Amino acid sequence: MTEREGRQAAPALQVVDRKQAPCFKYDFAHYQKAPDLIPMWLADMDFATAPAVLAALQQRVAHGAFGYAPRGEAYDGAVLAWLREHQHWSPEAEWMIVTPGVNAALRCCVRTLTAPGESVLLLAPVYGPFYDAIRQNGRRVVELPLRYAAGRYSLDAEQMEALVAREKVKLFLLCNPHNPIGRVWLADELAAMGEICLRHGVTIVSDEIHSDFIFPGHHHTSIASLSEDLCEASVVCTAPTKTFNLAGLPLANIFVRNAGRRARIRQELLAAGMTSGNALSYTACTAAYLHGAAWQAECLAYIVENRRYLEARLRECVPDIVLPPQEGTYLAWLDFSAFPYRGQALDAFLEERAGLWLSPGWEYGTGGEAFQRMNLACSRETVARACDGLQRAFAG
Ligand SMILES: Cc1ncc(COP(=O)(O)O)c(C=O)c1O
């Protein structure tokens with residue numbers, strides 16, 4: 001146990017009633033959903049954040065004044081120590097830029113590192129806002145569909161290289177761990193992707209927001225940690241907000257070793273007026289990284305058990321729903337290919353017959369039409385009710 005962990009309060013994972021405070025995940029009226037659906041869609045958690053984070057926020061709120069707040073050395077130190085201790089990657093303090101969220105960071109990178117009309121590569125299916133970040137900024141999406149065989153996803157490196165060359169790709173948006181498919185990319189796979197990018201002068205933006213949710217037996221590797229050249233060619237986005245259920249207090253980090261690229265990204269953020277977090281997000285995120293490790297471990301263990309439970313129940317009652325292995329994230333990716341529903345017909349079937357509000361697979365691009373993403377950061381009882389719903393829907 002590190003000194004930091006030794007100081008923290010006894011960890012306790014608490015399920016909270018999300019309906020007691022406004023949140024998108026349970027906003028049935030806004031999304032025109034029936035109020036009795038089980039919401040397992042948007043990627044935030046039904047757990048209260050770590051007790052140490054709550055205590056820090058309460059103390060800060062009790063202070064009463066919320067004027068402009070600096071990010072401060074405490075935040076930077078906490079972020080760097082977390083990455084060193086938990087992810088075995090040691091970026092330097094000067095590489096770090098802070099943004100209000102990873103989505104803001106991705107958009108800024110697209111705008112800075114490509115020109116309008118240029119091609120940006122992604123591995124499909126992938127987190128829907130990757131597509132938005134490219135298209136809404138007038139760039140071209142180049143999709144490489146991941147290979148999917150026997151319920152498992154992998155990269156076809158040859159196909160990737162051919163596509164990069166043919167489409168004159170300038171930027172590669174990588175998701176590691178990969179939402180929604182649950183892969184934690186291996187060092188070898190990342191090296192293959194990285195070598196292609198180096199050979200073709202492609203900059204890599206690696207979204208690592210899910211990197212604290214790594215299942216037993218797996219290991220997160222940042223592509224920037226693989227070599228000096230890949231560190232130089234990469235921009236890495238991290239955030240404590242997914243890990244500690246703080247997405248409503250947005251804050252994220254961009255690590256850019258290349259000084260010229262870093263200056264351009266800073267300039268773009270300045271131009272957009274997106275330069276700072278706020279008093280509460282800095283307080284919460286600093287406390288999370290300094291004192292939240294044991295809570296985070298408990299949270300991950302609970303999610304791993306939720307996944308085991310889901311697998312066991314589906315195997316027993318609806319074995320034709322295929323679950324690709326989940327190596328990371330708190331998101332299960334359910335394959336309904338064995339059934340005749342696709343796209344919105346699948347959404348409607350699951351809502352009406354199973355009482356489930358999941359994330360539709362078609363939102364994740366090519367290859368997602370027969371899938372749905374299920375958020376497992378909830379109580380075991382919620383997962384059990386979801387399984388009951390699936391059993392009812394598919395019985396017979
Ligand atoms: C891969 C990925 N990137 C980014 C985000 C959102 O990041 P932020 O809330 O910091 O904008 C999410 C949220 O689900 C995500 O899954």
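Note that the structure is predicted; figures quoted are calculated from it, not measured.

Enquirer: An account of the site of the ligand is requested, with residue identities and associated values reported.
Expert: Surrounding the ligand, one finds Ala43, Gly101, Val102, Asn103, Tyr127, Cys175, Asn179, Asp207, Ile209, His210 and Lys242. Take valine 102: an N or O atom from its main chain is 2.7 Å from an oxygen atom of the ligand. A distance of 2.7 Å separates an oxygen atom of the ligand from a polar atom in the side chain of histidine 210. For the shell around the ligand, the class distribution of residues is 5 nonpolar, 4 polar and 2 charged.

Enquirer: Pulling in residues and values, what's your account of unusual backbone geometry?
Expert: The amide bond that connects alanine 124 to the next residue, proline 125, takes the cis arrangement and shows omega of 0°. With omega at 15°, the peptide bond leading from asparagine 179 into proline 180 counts as cis. Secondary-structure assignment places proline 180 in the loop between β7 (169-175) and α7 (187-199). We note that histidine 88 has phi near 55°; this positive angle belongs to a residue other than glycine. Looking at where histidine 88 falls in the secondary structure, it is placed in the loop between α3 (72-87) and β2 (96-99).

Enquirer: Summarise the pattern of salt bridges; cite the residues concerned and give the values.
Expert: All chains considered together, the criterion is met by 19 salt bridges. A salt bridge links arginine 199 to glutamate 161, with the shortest nitrogen-to-oxygen separation between them at 2.9 Å. Placement of arginine 199 in helix α7 and of glutamate 161 in helix α6 (residues 157-166) is noted, with a sequence separation of 38 residues between them. For glutamate 381, the salt bridge is made with arginine 385, and the minimal N-O distance between the two is 3.5 Å. Of this pair, glutamate 381 and arginine 385 both sit in helix α13 (residues 380-394), separated by 4 residues, roughly a single helical turn. Glutamate 381 gets classed as exposed once you look at its relative accessible area, which sits at 53%. Residues participating in the shared-partner salt-bridge network are Arg18, Lys25, Asp44 and Asp46.

Enquirer: Give a detailed account of the state of the cysteines, specifying residues and quantitative values.
Expert: Tallied over the full model, the rule gives 0 disulfides. Lacking any disulfide linkage, cysteine 23 is separated from the closest cysteine sulfur, that of cysteine 378, by 13 Å. In this structure cysteine 108 is a free cysteine whose sulfur lies 5.5 Å from that of cysteine 109, the closest cysteine sulfur available. Classification of cysteine 108 as buried rests on a relative accessible area of 2%.

Enquirer: Could you give an account of the sheet that holds strand β14 (residues 371-375), with specific residues and numbers?
Expert: Here 3 strands make up an open sheet; going across it, the order is β11-β14-β13 and the pairing antiparallel. Only two strands of the sheet have a single partner each, and these edge strands are β11 (331-335) and β13 (359-360). Both β11 and β14 contribute to a ladder of 5 bridges, which runs antiparallel. By the bridge assignment, leucine 334 is partnered in β14 with glutamine 372.

Enquirer: Any details on the domain arrangement of the protein chain? Residues and values, ideally.
Expert: The domain architecture assigned to the protein chain consists of domain 1 (11-48 + 293-394) and domain 2 (58-291). For domain 1 versus domain 2, the separation of C-alpha centres amounts to 25 Å. At the interface, 30 residues of domain 1 touch 35 residues of domain 2. Both sides of the domain 1 and domain 2 interface together cover about 2800 Å² of buried area, and 59% of this is carbon and sulfur. Taken as a group, Glu327, Thr329 and Tyr364 account for 26% of the area that domain 1 buries against domain 2, more than any other trio of residues on that side. Our count for the contact surface shared by domain 1 and domain 2 stands at 2 salt bridges. With its nearest N and O atoms 2.9 Å apart, the salt bridge here joins arginine 183 to glutamate 327. Joining domain 1 to domain 2, the criterion identifies 17 residue pairs in polar contact (both at pLDDT 80 or more). Of all the elements in the fold, those that place two or more residues in the side of domain 1 that touches domain 2 are α11 (293-317), β11 and β14. Taken together, the residues that form the side of domain 1 that touches domain 2 break down as 16 nonpolar, 8 polar and 6 charged.

Analysis parameters
For every chain, the first residue of its written sequence is number 1, and the numbers climb from 1 along that sequence. The predicted origin of the model limits local features to residues at a pLDDT of at least 70 and limits the giving and counting of side-chain atom pairs to 80 or more, whereas totals for whole chains, interfaces and linings rest on all residues. Calculation of side-chain values draws on the structure's entire complement of heavy atoms; hydrogens and water are dropped beforehand. Throughout, near means a residue has at least one heavy atom within 4 Å of the molecule or strand. Polar contact is the term for a pair of N or O atoms within 3.5 Å; when the atoms are in protein, one must be able to donate a hydrogen and the other to accept it, and sequence-neighboring residues count only if both atoms are side-chain atoms. Classification used: nonpolar for Ala, Val, Leu, Ile, Met, Phe, Trp, Tyr, Cys and Pro, charged for Asp, Glu, Lys and Arg, polar for all others including Gly. Going along the chain from the N terminus, every DSSP run of H or I of four or more residues is numbered as a helix, and every run of E of two or more is numbered as a strand. For this document, the term salt bridge refers to a Lys or Arg side-chain nitrogen within 4 Å of an Asp or Glu carboxyl oxygen. The buried label goes to any residue with under 20% of its type's maximum accessible area, the exposed label to any with over 50%, and the partly exposed label to all in between, with areas taken from a 1.4 Å probe on protein chains only. Two cysteine sulfurs form a disulfide in these notes if their separation is within 2.5 Å. Pairing between strands is defined by DSSP: at least two bridges between them are needed. Here the limits of each domain have been adopted from an automatic or database domain assignment. Two residues qualify as a contact provided that any one of their heavy atoms is within 4.5 Å of a heavy atom in the partner residue. In this description, buried area is defined as the sum, over both parts, of the accessible area (probe of 1.4 Å) that is lost when the two are combined.

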